Amino acid sequence: MVTAGLGLCLQRRNQLFPNLDPELDVWLSSTLKVLAIHTADDVLNPGPDYQSGWGLFNAVSAVRQVELDAEHGRGTHLKEFFLAIGGTNS
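Residues numbered from 1 in each chain as written. Predicted model: local features only at pLDDT ≥ 70, side-chain atom pairs only at ≥ 80, totals over all residues. Heavy atoms only, no water.

1. Let's talk about the overall build of the chain
Logical step 1: Of regular secondary structure, the chain possesses three helices and zero strands.
Logical step 2: Along its sequence from the N terminus, the chain presents helices and strands in the succession α-α-α.
Logical step 3: For the chain, the spread of C-alpha atoms along the principal axes amounts to about 40 × 35 × 25 Å.
Logical step 4: In the chain, of all internal contacts separated by at least 6 residues, the share reaching a separation of at least 24 is 48%.
Logical step 5: As displayed, the chain offers around 6,500 Å² of accessible surface, 57% of which is attributable to carbon and sulfur atoms.
Logical step 6: Of the side chains in the chain, 6 bear a positive and 10 a negative charge, and the two mean positions are spaced by 4 Å. (Helix = DSSP H or I, 4+ residues; strand = E, 2+ residues; numbered from the N terminus. Contact = heavy atoms within 4.5 Å. Areas by Shrake-Rupley, 256 points an atom, 1.4 Å probe, with all protein chains shown as cover. Lys, Arg positive; Asp, Glu negative; His and termini not counted. Charge placed at Lys NZ, Arg CZ, Asp CG, Glu CD.)

Shown next, in the form of structure tokens:
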């Protein structure tokens, strides 16, 4: 289910940004992981825990996050960047 839901996120991104280069503008797997974690519905205890992890994956919320990124400007909500060893970002 999670793989299919993330596939929907990628499909929606391609619909919203048709001019992306499939070789250069592909999302990293870490971006998809963060998208799944960030939009999960928390269950049981607040925050990640040993019983329910980060919660239940919510495909609707994940796709909505992609749409918000398109509405507010690409890279506003979903941004990829690299840090050098020992680098920080705040």
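Moving on, there is more to tell.
2. Here's the deal with the environment of Thr88
Logical step 1: Structurally, Thr88 can be placed in the segment after α3 (59-71).
Logical step 2: The class of Thr88 is exposed, set by a relative accessible area of 71%.
Logical step 3: Each C-alpha atom of the pair Thr88 and Gly7 lies 31 Å from the other, and the pair is 81 residues apart in sequence. (Buried < 20%, exposed > 50% of the residue type's maximum accessible area, 1.4 Å probe, protein only.)

3. Digging into the packing of helix α1 (residues 2-16) against α3
Logical step 1: Contact pair α1 / α3: the axes reach a minimum separation of 9 Å and the direction vectors enclose 20°. The angle between α1 and α3 places the two elements in the roughly parallel class. In this structure, the crossing between α1 and α3 has a hand that is right-handed. Across the interface between the two elements, Gly5, Leu8, Cys9, Arg12, Arg13 and Leu16 of α1 pack against Ala59, Ala62, Val63, Val66, Glu67 and Ala70 of α3.
Logical step 2: Here the contact of α1 with α3 is built from residues that sort into eight nonpolar, one polar and three charged. (Axes fitted to C-alpha atoms, helices over the stretch in contact; angles between N-to-C directions. Parallel < 35°, antiparallel > 145°, perpendicular 65-115°, else oblique. Left-handed = near helix turned anticlockwise from the far one by under 90°. Nonpolar A, V, L, I, M, F, W, Y, C, P; charged D, E, K, R; others polar.)

4. Looking at the packing of aromatic side chains
Logical step 1: Scanning all chains against the criterion turns up zero aromatic pairs.
Logical step 2: Directly above the ring of Phe17 sits Arg74, whose terminal nitrogen or CZ lies 5.9 Å from the centroid. (Phe/Tyr/Trp six-rings, centres within 6.5 Å; stacked < 30°, edge-to-face > 60°. Lys NZ or Arg CZ within 6 Å of the ring centre and 35° of its normal.)

5. Comments concerning the pattern of salt bridges
Logical step 1: In the structure shown here, the tally under the stated rule is four salt bridges.
Logical step 2: With a closest N to O distance of 2.9 Å, Glu67 and Arg12 form a salt bridge. Note that Glu67 is positioned in helix α3 and Arg12 in helix α1, a separation of 55 residues in sequence.
Logical step 3: Within this structure, Arg12, Arg64, Glu67 and Glu71 form a network of salt bridges that share partners. (Salt bridge = Lys/Arg side-chain N within 4 Å of Asp/Glu carboxyl O.)

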